[in-house]
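Spelled out, the chains give:
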Amino acid sequence: MNVRRVLNIFRLDTLNSRRDKVMIYTLLAPIILTIVFKLISPDFQSLSIDFIVPESEAELAVQLDRYANVEKVAGIREMKDAVARGGDRIGVYESGGKYVLVMQGDESPQARELAELAISAVLQGDTSLINIDFSDNGRVIPPVTLFGFSFVVILSFTLGGFIIGFNIIEEKESGAMRALMVTPVSKAEFLLGRSIMGISVPIIHALLAVLIFAIGGLDILKLIMVTVVSSVIGIVMGFLIGVMSSSQMTGLANMKISVLLLLMPVMIAFVLPENRQFIFYWSPTYWSFAALKDILTRSAEWGGFLLQLLWISLTTGLLFLFMRGKIKSGLKTYQS
Amino acid sequence: MIEVEGLYHSYTNDERYAVKGVSFNIKEGEIFGFLGPNGAGKSTTQKVLTGLLPLQRGSVKIAGKDAGKPDSSFYNMIGVSFEQPNLYRKLTGLENLDYFAKMYDVPTEDPMELLRMVGLEEAASKRAGEYSKGMQQRLVFARSLINKPKIWFLDEPVSGLDPTTSATIKEIIKRKKSEGVTVFLTTHNMYIAEELCDRVAFIVAGEISLIDSPRNLKLQYGQKLVEVEYRLDGSVKKESFSLLQGSDKAKLNTLIEKGTIETMHSKEATLEEIFIGVTGRELR
Amino acid sequence: MMRLAANTLKELRLGWRSYYFLLVVGVAIAYFLLVTFLIPEDLTVSPDVVVLNEMEEGSQVMENLFGGDMESDKLLLAKDRDDLEKTMNRRFNSVGIVLKGSIREPGFELVFQGHESQDIRELLRLSILQRTGTLRSEEGYNIEYLEDRKPVDEAIPFNKSFLPVLLMSEAVMLGMFLVFAMIFGEKSEETIKAYSITPGRIWEYLGAKVIVLAILGVLFTLILTPMVVGIGPRYGELLLIVVVGSTLSTSIALIFASFYNNLSQSLVPMLGLSLVFGLPMISFFIPGFSPWYLRILPTYTILFALKGAVFPGSIQVGISSLWLIALEGAIAFTIAVLVYGQRVRKN
């Protein structure tokens, strides 16, 4: 293994990416996504129902404010307009000695139930003979941050993989790769040189995400370990796409399939109850997500964590083995 | 048929011109060659004439139509054969021609007939991506004839082709000329220019150095020599004799009468030699 | 018209030979399997509840409080405090309830993760009060629905409710990905240059791509929808929404694609565009989250129109809302034609 040749390939990749502005996009995009998640997170945290109340109902507004967001509007007509705009927004006004809840009709059943609870509490005066205390576990990372952080890290190495894949397709189309194949560069050196960016950039993104989300007290070592191991998923996927696709059009079709395989399990596993998540045990990105989630919720113990890393490696390896035939035939066309 | 007056083009929209003040006229039915090295401005000129580049400065009229504002009737009239094959690789040869045929408002050639003409009828139902480079070149050439163009733009039409295929292409070009098609040919191959063109223009660094027929250029710039190989004392000697100098003419007559001449060639200057002599640049 | 037809035929051939049709059929079948066998019918995004009983004779209280939910996946019983905390650790979307005191003097401790807002905490408190019978639904209020529309009685199964989202991401927004590849394929083969020297118009060239991608969208819709929901949907309306939506998304993608030369250059903008236009899916699943910056996206209207067509009566977003989308699509297509006209001659 000649390190100089490996670094040369890495340098070529960096130069190409810089010239195409690809590097800028690849570096910036996950960061922008992180910032977007950070910005919308407060909206998610205050996600209950919204009451729309006319200004004349000031006292009602104060009472309802205990249970939900309250927006004051000029009058009943403005209130109905606001409700008509959709979402879980419920208007309240007084008429004939009774309160009227105004709904559009497409509110979720939970929203209706909560609205009725709140108005019942107002009517009853919310005094209670039952003692109810609040406490919390100090876990201030909301679900949207959990999801956002994991998604950004997974997207980072997936994106890196796709770029590796498309670069290979473009080199095939231009014939540039044939020139490289008649030099002393070995396949291993070529693979490693190409992979350096695919591993280093996700680490940068993971650390930046920690800063942007302002998540303190994280186990950084575990975070870097899971990012490095997971990056191999992106690299393997990228090479598969590059080698198997004969043109940019088929490359994109293969990328679509990869998105289904890599990103969909993460998005669905987030909402599925734990006892149903076994359906995604085949997916390497599912295990990346599980490991990242445990790191963020500080429930990652070394034994379980290393097992998750093992699963990531095994499932990635299985995917590679499964596609080995296609890779071989793709490489043959690549060389000819 | 083609009138170009004071043509300028800059890719950077400043004073750095790829084409500077180019002017020429081409008669109907003439094969006009644009001869020059790489980067001389040949392709730029052709792209402006075919509407692929905007007309920045100057005037270009093709059959009386302003090439600065090309419309459907303009494109119905011209055919372009590109140097680099630009085919739909996933479509077959026949499908490529069929598709382009349908783009025109004028009667078109039978695609199969065109394929037969360039020797591709056996490969008609093969995808263009599977063609060799030479086959792709031929298909691009055939495509440029699909609309029976009155004015035909050819960019290096025989580049990379074997001698047999080149001969076929040249024959087709000559036949089209005899049918009255006006041809604008860009090349850096002086043999093609010599063989096919009625007139050639030498272009270097965006400017035309001269325009004339290959014959006139050779007569004007040629050395009027005869190169002779003859036997003397058992070995073969090679010598050049001027047809203008008296002493050389006498020596040549003596050799002819002795009957010892084995080969004799008139030594006109090649277009490349003339080009180098006139422009100071090589045709590469 | 003949040129448009010829261009469309060319795109159909290229799409077929690039396996786009196969991809669409395959993805439709994959989604059908996903929706039918993997995604549950009865999921809600509400939190799991972890209960710790520290009350004397608390089992009766638990029975009264949680009744039929005792067998649910979403209700878990903890052995002790440590177990409560560990279980809540593992399930990030969970809330803990500790039963304290006695039957005569019951008390509760609501244990939150820590990120929940005060509103959420208060509402959960009310919910406990309601379950204990302390808070009763009062007679002092009525419910009024706008436009005389009552809510749909039958809840849509969670797995089937995914269908409008899948139709939007695959049928409507398919063009957002594929059109990039179509354009770059032509740029690398330089066939766009060959087209430029024919009388063929730019709108015919681009229009064919829009048509073929709409066809692929319709194909996807006609495969997946009947498999998932049968003959219930208003198919005419559904297909119209898909075609109009597809035209808009393809036209927007065409504008973006004109600025790039290959896939690796455009990958991030392409994904960014898909992400932005896909954001209304959040509002779809979380109706309370529909801020103005989501509502102004055309895909917001398209998504809810799809829902109305797939599940008639579930929502009041009808065909009339498509006029604006159609207009936006026409404007985007016009811009795309102008941009290509400029950039082809420039390059």
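Residues numbered from 1 in each chain as written. Chains lettered and ligands numbered in written order. Predicted model: local features only at pLDDT ≥ 70, side-chain atom pairs only at ≥ 80, totals over all residues.

### Some words on the overall build of chain C
No. 1: Along its length, chain C carries 16 helices and five strands.
No. 2: Long-range pairs, those at least 24 residues apart, make up 76% of the contacts in chain C between residues at least 6 apart in sequence. (Helix = DSSP H or I, 4+ residues; strand = E, 2+ residues; numbered from the N terminus. Contact = placed C-beta atoms within 7 Å.)

### Structural notes on the overall build of chain B
No. 1: Looking only at helices and strands, chain B has 10 helices and 13 strands in total.
No. 2: The principal-axis extents of the C-alpha atoms in chain B amount to approximately 70 × 50 × 30 Å.
No. 3: Put simply, 68% of the contacts in chain B that link residues at least 6 apart link residues at least 24 apart.

### A closer look at the domain arrangement of chain B
No. 1: Domain annotation for chain B reports domain 1 (2–214) and domain 2 (223–267).
No. 2: One C-alpha centre belongs to domain 1 of chain B, the other to domain 2 of chain B, and the line joining them spans 44 Å. (Domains from an automatic or database assignment.)

### Focus on the pairing of strand 1 (residues 50–54) of chain A
Residues and elements named next belong to chain A.
No. 1: Summarising burial for strand 1: five of the five residues are buried, a large majority.
No. 2: With five bridges joining them, strand 1 and strand 2 (residues 69–73) adopt parallel strand pairing. Looking across to strand 2, one finds that Pro54 is bridged to Val73.
No. 3: Each parallel crossover has a hand, and for strand 1 linked through helix 3 (residues 58–64) to strand 2 it is right-handed.
No. 4: Looking at chain direction, strand 1 and strand 3 (residues 89–95) are connected through three bridges and run parallel. By the bridge assignment, Phe51 is partnered in strand 3 with Ile90. (Buried ≥ 20, exposed ≤ 12 C-beta atoms within 10 Å, placed from the backbone. Pairing = 2+ DSSP bridges. Right-handed = clockwise from strand over helix to strand, strands pointing away.)

### A look at the sheet that holds strand 5 (residues 131–139) of chain A
No. 1: Strands sit in the order 5(A)-4(C)-3(C)-1(C)-2(C) across an open sheet of five strands; the sheet is mixed. Two strands in the sheet have a free side with no partner beyond their single neighbour: strand 5 of chain A together with strand 2 (75–78) of chain C. On average, each strand axis in the sheet is inclined to that of its neighbour by 25°, with strand direction left out of account.
No. 2: Of the pairings in the sheet, the one linking strand 3 (residues 94–101) of chain C to strand 4 (residues 106–114) of chain C comprises six bridges and is antiparallel in character. Residue Leu99 of chain C lies in a different strand from strand 4 of chain C, and its bridge partner there is Phe108 of chain C.
No. 3: On top of the sheet, helix 5 (residues 118–131) of chain C reaches strand 5 of chain A together with strand 3 and strand 4 of chain C; it is set at about 150° to strand 4 of chain C, its chief contact. (Axes fitted to C-alpha atoms, helices over the stretch in contact; angles between N-to-C directions.)

### Comments concerning the domain arrangement of chain C
When the parts of a complex come together, some accessible area is lost, and that lost area is often used as the size of the interface.
No. 1: According to the domain assignment, chain C consists of domain 1 (7–40 + 157–346) and domain 2 (48–146).
No. 2: Here domain 1 of chain C and domain 2 of chain C have C-alpha centroids that lie 44 Å from each other.

### Quick look at the interface of chain B and chain C
No. 1: At the interface, 25 residues of chain B touch 19 residues of chain C.
No. 2: Put simply, the parts of the chain that give the side of chain B that touches chain C at least two residues each are helix 2 (72–77), strand 6 (78–81) and helix 3 (93–101) of chain B.
No. 3: Looking at the side of chain B that touches chain C residue by residue, the class counts come to 14 nonpolar, six polar and five charged. (Nonpolar A, V, L, I, M, F, W, Y, C, P; charged D, E, K, R; others polar.)

### Comments concerning the nonpolar core
No. 1: With 204 residues, the main nonpolar core has Phe180 and Leu306 of chain C as its most contacted residues.
No. 2: Ranked by residues supplied to this core, first place goes to helix 6 (residues 143–174) of chain A with 17 residues.
No. 3: Setting aside its immediate chain neighbours within four residues, Phe180 of chain C contacts Leu252 of chain A together with Ala253, Ala257, Leu263, Ser266 and Met270 of chain C.
No. 4: Judged by nonpolar contacts, the second largest core, of 46 residues, contains Ala68, Ala121 and Ile132 of chain A together with Val95 of chain C. (Core = buried A, V, L, I, M, F, W, Y, C linked by C-beta atoms within 7 Å.)

### A look at the interface of chain A and chain C
No. 1: With 88 residues of chain A at the contact, the number on the chain C side is 81 residues.
No. 2: Residues belonging to the side of chain A that touches chain C are distributed by class as follows: 43 nonpolar, 26 polar and 19 charged.
No. 3: Relative to strand 5 (residues 141–145) of chain C, strand 4 (residues 98–103) of chain A is paired through five bridges, and the arrangement is parallel. By the bridge assignment, Val102 of chain A is partnered in strand 5 of chain C with Glu144 of chain C.

### Focus: the pairing of strand 3 (residues 31–35) of chain B
Residues and elements named next belong to chain B.
No. 1: Here strand 3 lies mainly inside the structure; five of its five residues are buried.
No. 2: In strand 3, alternate side chains face the same way, and those of Ile31, Gly33 and Leu35 on one face and Phe32 and Phe34 on the other are all buried.
No. 3: Looking at chain direction, strand 3 and strand 8 (residues 182–187) are connected through five bridges and run parallel. Looking across to strand 8, one finds that Ile31 is bridged to Val183.

### Considerations on the environment of Leu219 of chain B
All names here are of chain B.
No. 1: As for its position among the elements, Leu219 is in helix 8 (residues 214–221).
No. 2: Of the residues examined, Leu219 has 13 C-beta atoms within 10 Å and is grouped as partly exposed.
No. 3: Taking the C-alpha atoms as reference points, Leu219 and Glu268, separated by 49 residues in sequence, lie 7.7 Å from one another.

### Structural notes on the confidence of the model for chain C
Residues and elements named next belong to chain C.
No. 1: Here chain C averages 84 in pLDDT, while 90% of its residues score no lower than 70.
No. 2: Across chain C, the element-wise mean pLDDT spans from 74 in helix 3 (residues 58–66) up to 95 in helix 10 (residues 202–229).
No. 3: For this predicted complex, the interface confidence comes out at an ipTM of 0.74, alongside a pTM of 0.77. (pLDDT = per-residue confidence, 0-100.)

### Overview of the packing of helix 8 (residues 174–189) of chain C against helix 11 (residues 235–257) of chain C
All names here are of chain C.
No. 1: Running from N to C, helix 8 and helix 11 point in directions that differ by 40°, and their axes come no closer than 8 Å. It follows from the interaxial angle that helix 8 and helix 11 lie oblique. The way helix 8 lies across helix 11 gives a crossing that is right-handed. Residues Leu174, Gly175, Met176, Val179, Phe180 and Ile183 of helix 8 pack against Ser246, Ser249, Thr250, Ala253, Leu254 and Ala257 of helix 11.
No. 2: In the contact of helix 8 with helix 11, the residues fall into eight nonpolar, four polar and no charged. (Parallel < 35°, antiparallel > 145°, perpendicular 65-115°, else oblique. Left-handed = near helix turned anticlockwise from the far one by under 90°.)

### Things to note about the packing of helix 2 (residues 20–38) of chain C against helix 10 of chain C
All names here are of chain C.
No. 1: Where helix 2 contacts helix 10, the axes come no closer than 9 Å and their chain directions differ by 25°. As far as their axial angle goes, helix 10 and helix 2 are roughly parallel. Considering the relative orientation of helix 2 and helix 10, their crossing is right-handed. In this structure, helix 2 contributes Tyr20, Val24, Val25, Ala28, Tyr31, Phe32 and Val35 to the contact, and helix 10 contributes Leu216, Leu219, Phe220, Ile223, Leu224, Met227 and Val228.
No. 2: Considering only residue class, the contact of helix 2 with helix 10 consists of 14 nonpolar, no polar and no charged.

### Quick word on the sheet that holds strand 1 of chain A
No. 1: Within the open sheet, the five strands sit side by side as 2(A)-1(A)-3(A)-4(A)-5(C). Their pairing is mixed. Single-partner strands in this sheet number two, and they are strand 2 of chain A together with strand 5 of chain C. Averaged over all pairs of adjacent strands, the angle between their axes in this sheet comes to 30°, without regard to strand direction.
No. 2: Running over the sheet, helix 4 (residues 76–84) of chain A touches strand 1, strand 2, strand 3 and strand 4 of chain A and is turned about 155° from strand 3 of chain A.

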